[in-house]
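Observations on the three-dimensional arrangement
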Amino acid sequence: DLELYATEFVSVRRALERFTRGRLLANLAATHPLFRKLAKAERRALIGKFQMRKVYPGDIVIEQGDVPTGLCLVLRGDFSVSRAEAGLNATVATLGCGDVFGEISLVHRTRTTATVRATSYAEIMVLSPGECSAMTSQYPETASILSDLSEQRIRRLASRAGSTIPTDDAATLL
């Protein structure tokens, strides 16, 4: 049984983890809207700029009001997204494999607008703010995708909360 070998032999477990992570990454690179239109060599180069990070249940990856730490892409695991307003904390979304987060603060050059907490063991890929800026300059279609996603999420957050989400340009979006 494969599970038995994986628990008995650390090298087997590590090889299986590498293989699984590689397959997840290859599938995401080929199908995710952020990478899909890029040539294979461009996808590989761009994905190489992301840093892998393991996350454990309860870990906060992004805290509302903080300076942005980067663009995150979920390889595996689940996350809850919450916002604090008027002293109340409400879950506004859940995220899983293939989801991106952190884009609102990067696109609008503002502090983070929500807290993202792992609800299970997870692995994410993180692209630093500088690398994200370079990506959107080099591949304008990625800027468009992140901007569209950001606007959709801002509208959804505002409609749920009955409020507005401030952006760097002093505009408030409904």
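What this report covers is the structure whose coordinates are included nearby. Here the structure is a predicted model, which means the values were calculated and not measured. (Residues numbered from 1 in each chain as written. Predicted model: local features only at pLDDT ≥ 70, side-chain atom pairs only at ≥ 80, totals over all residues. Heavy atoms only, no water.)

Quick look at the nonpolar core
Basically, it comes down to this: For our purposes a nonpolar core is just a set of buried Ala, Val, Leu, Ile, Met, Phe, Trp, Tyr and Cys residues, chained together by side-chain atoms within 4.5 Å. Three labels apply to residues, based on accessible area from a 1.4 Å probe with only protein chains included: buried if under 20% of the type maximum, exposed if over 50%, partly exposed otherwise in between. Under the scheme used here, helices are H or I runs from DSSP no shorter than 4 residues and strands are E runs no shorter than 2 residues, and both carry numbers assigned from the N terminus. Pairs of residues are marked as contacts when any of their non-hydrogen atoms sit within 4.5 Å.
In terms of nonpolar packing, the biggest core is built from 20 residues, with Phe35, Leu46, Leu71, Cys132, Met135 and Leu146 touching the most fellow members. At the level of elements, helix H2 (10-31), helix H3 (33-36), helix H4 (40-47), strand E3 (71-76), strand E8 (122-127), helix H6 (129-138) and helix H7 (140-161) are the ones that each hand at least two residues to this core. The element that contributes the greatest number of residues to this core is E3, accounting for 3 residues. With residues up to four places along the chain from it excluded, the contact list for Cys132 reads Leu71, Leu106, Leu127 and Leu146. Core analysis: the second largest hydrophobic core is formed by 19 residues, Val74, Val92, Val126 and Leu157 among them.

Digging into unusual backbone geometry
Where the residue is not glycine, phi is negative for most of them; where a peptide bond is considered, it is trans in most cases. Residue Arg109 is not a glycine yet carries a positive backbone phi of 50°. Take Arg109: it is sitting in the loop between helix H5 (103-108) and strand E7 (115-118).

Let's talk about the sheet that holds E8
For the record, the criterion: Strands pair, by our definition, only if DSSP identifies at least two bridges between them. Comment: axis = line fitted to C-alpha atoms, over the contacting stretch for helices; angle = value between 0 and 180 degrees taken between N-to-C directions.
Reading across the sheet, the 4 strands line up as E1-E8-E3-E6 and stay open at both edges, with antiparallel pairing between neighbours. Taken across any chain shown, the strands that pair with only one partner, and hence form the sheet edges, are strand E1 (51-55) and strand E6 (100-101). Here 2 bridges tie E3 to E6, and the two strands are oriented antiparallel to one another. When the bridges of E6 are listed, Cys72 appears paired with Phe101. Packing against the sheet, H6 makes contact with E3 and E8, and its axis sits at approximately 65° to E8.

Here's the deal with the pairing of E3
Taken across its 6 residues, E3 has 5 buried, putting it largely inside the fold. Sheet topology note: the E3/E8 ladder contains 5 bridges and is antiparallel. The partner of Leu73 across the bridge, within E8, is Met125.

Remarks on the pattern of salt bridges
Inclusion rule: The term salt bridge refers to a pairing of a side-chain nitrogen on Lys or Arg with a carboxyl oxygen on Asp or Glu at a separation within 4 Å.
A full pass over the atoms with the stated rule returns 4 salt bridges. Of the charged contacts in the structure, one is a salt bridge between Lys49 and Glu131, with a shortest N-O distance of 3.9 Å. On the criterion of sequence distance, the pair formed by Lys49 in the loop between H4 and E1 and Glu131 in helix H6 is long-range, its members being 82 residues apart. Judged by relative accessible area, which is 39%, Lys49 ranks as partly exposed. Put simply, Glu103 and Arg153 hold a salt bridge, and the shortest N to O gap is 2.9 Å. Taken together, the positions of Glu103 in helix H5 and Arg153 in helix H7 put the pair 50 residues apart, joining distant regions of the chain.

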